[in-house]
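Letter by letter, the chains look like this.
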Amino acid sequence: DPGSHLGFAVIEPGAGTRRPRFLAGGEIEPSAHEIRGVLLSHSSVRPLIAIEGEPPGREKPAHRVRKGGRQVDISAALQGMARVSGLIEGVASSFGFEIVWVPASFWRRQLCGRATASDALVKHCLSPLVEDLPTRSNQHGRDAVGVSLGALLQRRWSKQQEAAAS
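What comes next concerns the included structure. Worth saying up front: this structure is predicted, and the values here are computed from it rather than measured.

Looking now at the packing of aromatic side chains. For any pair of aromatic rings, geometry is given as the distance between the ring centres together with the angle between the planes. This model, assessed by the stated rule, comprises one aromatic pair. Consider the rings of Phe 95 and Phe 97, whose centres lie 5.5 Å apart with planes at 5°: the pair is stacked.

So, in structure tokens, the structure goes:
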């Protein structure tokens, strides 16, 4: 979950009817050193790296949003997110990890039923879906769990489509 702080979650996919299990998570500074540290400490599970957002080249050019009845320029925030996303992608690629991009609207709709689900609704929706999810967490950590679950859904659907096509 790219931003001023980087939320991350390590999720073990559930097999069969077993729910995914939360292994680790938290918040780090968006630096190559911090990202490398997280990847190295969990590299034995051969992670799938899920980044919240659109893949490079598919972003929607929205530089202004309405907030409180006025237009707000979000160019700097978008540039910062792109930089952090690129940093994550670069470090993860150097380890040879698979990377998937998961739009926030996708995982929020799939897990909560609304593409614009609030943070409170996300918290409510995640609890029954993930084993060992901490009762206390912040928005960045919960979003990282949601992105991870969204990546698992995308991967599962891709495998089903490949199986159906063959």
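Back to the text.
Turning to the pairing of strand 1 (residues 6-12), a few remarks are in order. Within a regular beta strand, the side chains point alternately toward one face of the sheet and then the other, so they alternate between its two faces. The buried fraction of strand 1 is high, at six of seven residues. Examined bridge by bridge, strand 1 and strand 2 (residues 21-28) share seven bridges and lie antiparallel to one another. Note that in strand 2 the partner of Val 10 across the bridge is Ala 24.

On to the state of the cysteines, then. Tallied over the full model, the rule gives zero disulfides. Distance from the sulfur of Cys 112, which forms no disulfide, to the nearest cysteine sulfur (Cys 125) is 3.3 Å. The exposure class assigned to Cys 112 is buried, which follows from its relative accessible area of 13%.

All right, on to the nonpolar core then. Formed by 20 residues in total, the largest nonpolar core has its most connected members in Ile 11, Val 102, Trp 107, Val 145 and Leu 149. Among the elements that make up this core, the one with the highest residue count is helix 5 (residues 139-165) (six residues). Those residues within four positions of Ile 11 in sequence are excluded, and the remaining contacts are Pro 20, Arg 21, Phe 22, Val 130, Val 145, Ser 148 and Leu 152. Formed by 16 residues, the second largest nonpolar core is a distinct cluster that contains Val 38, Val 84, Val 91 and Ala 92.

Turning our eyes to something else, we now look at the side chain of Arg 142. Secondary-structure assignment places Arg 142 in helix 5. Among buried Asp, Glu, Lys and Arg side chains, Arg 142 stands out as unpaired, with Asp 119 the closest opposite charge at 5.7 Å. At 2.8 Å, the side chain of Arg 142 forms a polar contact with the backbone oxygen of Ser 137. For Arg 142, the residues in contact, after removing those within four places along its chain, are Asp 119, Val 122, Lys 123, Leu 126 and Ser 137.

Following the criterion strictly, the structure yields seven salt bridges and no others. Here Glu 12 ties to Arg 18 by a salt bridge, and the two come within 2.7 Å at their closest N and O atoms. Assessed through its relative accessible area of 36%, Arg 18 is described here as partly exposed. For Arg 155, the salt bridge identified is with Glu 98, shortest N-O distance 2.5 Å. Highlighted residues: Arg 155 in helix 5 and Glu 98 in strand 6 (residues 98-102), separated in sequence by 57 residues.

Parameters at a glance
- Residues numbered from 1 in each chain as written.
- Predicted model: local features only at pLDDT ≥ 70, side-chain atom pairs only at ≥ 80, totals over all residues.
- Heavy atoms only, no water.
- Phe/Tyr/Trp six-rings, centres within 6.5 Å; stacked < 30°, edge-to-face > 60°.
- Buried < 20%, exposed > 50% of the residue type's maximum accessible area, 1.4 Å probe, protein only.
- Helix = DSSP H or I, 4+ residues; strand = E, 2+ residues; numbered from the N terminus.
- Pairing = 2+ DSSP bridges.
- Disulfide = S-S within 2.5 Å.
- Core = buried A, V, L, I, M, F, W, Y, C linked by side-chain atoms within 4.5 Å.
- Contact = heavy atoms within 4.5 Å.
- Lys, Arg positive; Asp, Glu negative; His and termini not counted.
- Salt bridge = Lys/Arg side-chain N within 4 Å of Asp/Glu carboxyl O.
- Polar contact = N/O pair within 3.5 Å; in protein donor to acceptor, adjacent residues only side chain to side chain.

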